[in-house]
Amino acid sequence: MVYSHILSTGGAVPERVVPNSHFNYLVEDADNWILSRTGIRERRFAAEHEATSDLATAAARQALQRASISAEDLDCIIVGTSTADMILPATACMVQKNIGAKNAFAFDMNAVCSSFVFAVETADNFVRSGKYKKILVIGADTYSKILDFQDKTTCPLFGDGAGAMILGASPEKKGILQSLIKSDGNGWELIQVPSSGSRKPITAETISAGENTFKMAGKSVFVFATDIIPQIIAELTRRADITPDQLDHIIPHQANLRIIDFISKKMGIPKERFLLNLDRYGNTAAASVGLALDENLQNGTIKPGQRVLMMGFGGGLSWGGMLLQF
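A short tour of the structure in this document, coming up. These figures come from a predicted structure and were not determined experimentally.

1. Here we look at the packing of helix H6 (residues 218–239) against helix H7 (residues 257–267)
Working step 1: Across the interface, H6 lies against H7 with an axial gap of 10 Å and an inter-helix angle of 45°. For the element pair H6 / H7, the angle class is oblique. H6 and H7 meet at a crossing whose hand is right-handed. Residue-level contacts link Phe222, Ala225, Thr226, Ile229, Pro230 and Ile233 of H6 to Arg258, Ile259, Phe262, Ile263, Lys266 and Met267 of H7.

Here is the structure:
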């Protein structure tokens, strides 16, 4: 039996810190208005010259350095993102060039905010097949580039960042023990950028109508998230033959503190077991789970031997999670 071990992680966020007060032009006392509704205090926005591949590259280099692995040792690079540098080619190929991973194949994966979890699931299966030994997975997004900054229901929620992970093969039973990914296309309209592809190409008219920016049916997504997260936790722990109270930590998609509060009360899981950074980074989309994992590995919160469940949910609709043993 082959298992995917986490050899290292990395993270990157832009330098620019954007406090809630930045949105005072939209709502009076924006700091209190945003904090009370989401738990977010600030977020990071990429500079004008920064793109998703830049943050992904920084996170990748950090992970490579920590693992003492040469980029030439990588077999594959998967970038999970819904804000690619451009519609083609793959952002992963840009990262490949930047880090010098000449022996890898590279591609992108888009499951919106679930992209990192979907990419890790794909990499895990590549490793378990025995065909590939070392895979770099990155979740990276720059939502500041696609937000409608006149929409107070969405633009204060998001920030930019990247989280990276290097998976390697091992016969030892730890690393990724259980996983699941799912989607429901019936809900695709809830999260979208209407004018961004072949269905409705970008034109002067669609730009004027704001259709080239991010749209989300917030209330419907909240209902979806609070319904699906308990299912992810229950299913993964059942498959592992453990109970939710045997989890040491849970890393949820960092979308909204109210969702986490709801889940904590609904499932009777102490809130302190949820590892959060959305107060400082907001919703970093595909980066959120990887960033939180990296942060809590580096600060020593996650310790050897502990069980960690990480999960994502997002547009598509899409969702998934995995149980990790460190």
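2. Side note on helix H9 (residues 288–298)
Side chains three or four residues apart in an α-helix point the same way, a direct result of the helix having 3.6 residues per turn.
Working step 1: Taken across its 11 residues, H9 has eight buried, putting it largely inside the fold.
Working step 2: When H9 is considered as a whole, its buried residues turn out to be Ser288, Val289, Gly290, Leu291, Ala292, Leu293, Asp294 and Asn296.
Working step 3: Here the buried face of H9 lies against strand E1 (3–12), helix H2 (52–67), helix H4 (115–128), strand E7 (160–170), strand E11 (249–251) and strand E12 (307–314).
Working step 4: Following H9 by one or two positions, Gly300 has its phi on the positive side, about 85°.

3. Brief notes about the packing of aromatic side chains
Working step 1: The tally for this structure, following the rule as stated, stands at 13 aromatic pairs.
Working step 2: Measuring from ring centre to ring centre gives 5.0 Å for Tyr143 and Phe158, while their planes differ by 20°; the resulting arrangement is stacked. With Tyr143 in the loop between strand E6 (134–142) and E7 and Phe158 in the loop between E6 and E7, this residue pair connects regions lying 15 residues apart in the sequence. Both residues of the pair, Tyr143 and Phe158, count as buried.

4. A few points about the sheet that holds E11
Working step 1: Spatial ordering of the open sheet is given by E8-E13-E12-E11, a layout of four strands whose pairing is mixed. Strand pairing shows two members of the sheet lacking a second neighbour, strand E8 (175–183) and E11, which therefore form its edges. Between one strand and the next, the sheet's axes are offset by a mean angle of 15°, whatever the strand orientation.

What counts and how
Residues numbered from 1 in each chain as written. Predicted model: local features only at pLDDT ≥ 70, side-chain atom pairs only at ≥ 80, totals over all residues. Heavy atoms only, no water. Axes fitted to C-alpha atoms, helices over the stretch in contact; angles between N-to-C directions. Helix = DSSP H or I, 4+ residues; strand = E, 2+ residues; numbered from the N terminus. Parallel < 35°, antiparallel > 145°, perpendicular 65-115°, else oblique. Left-handed = near helix turned anticlockwise from the far one by under 90°. Contact = heavy atoms within 4.5 Å. Buried < 20%, exposed > 50% of the residue type's maximum accessible area, 1.4 Å probe, protein only. Phe/Tyr/Trp six-rings, centres within 6.5 Å; stacked < 30°, edge-to-face > 60°. Pairing = 2+ DSSP bridges.

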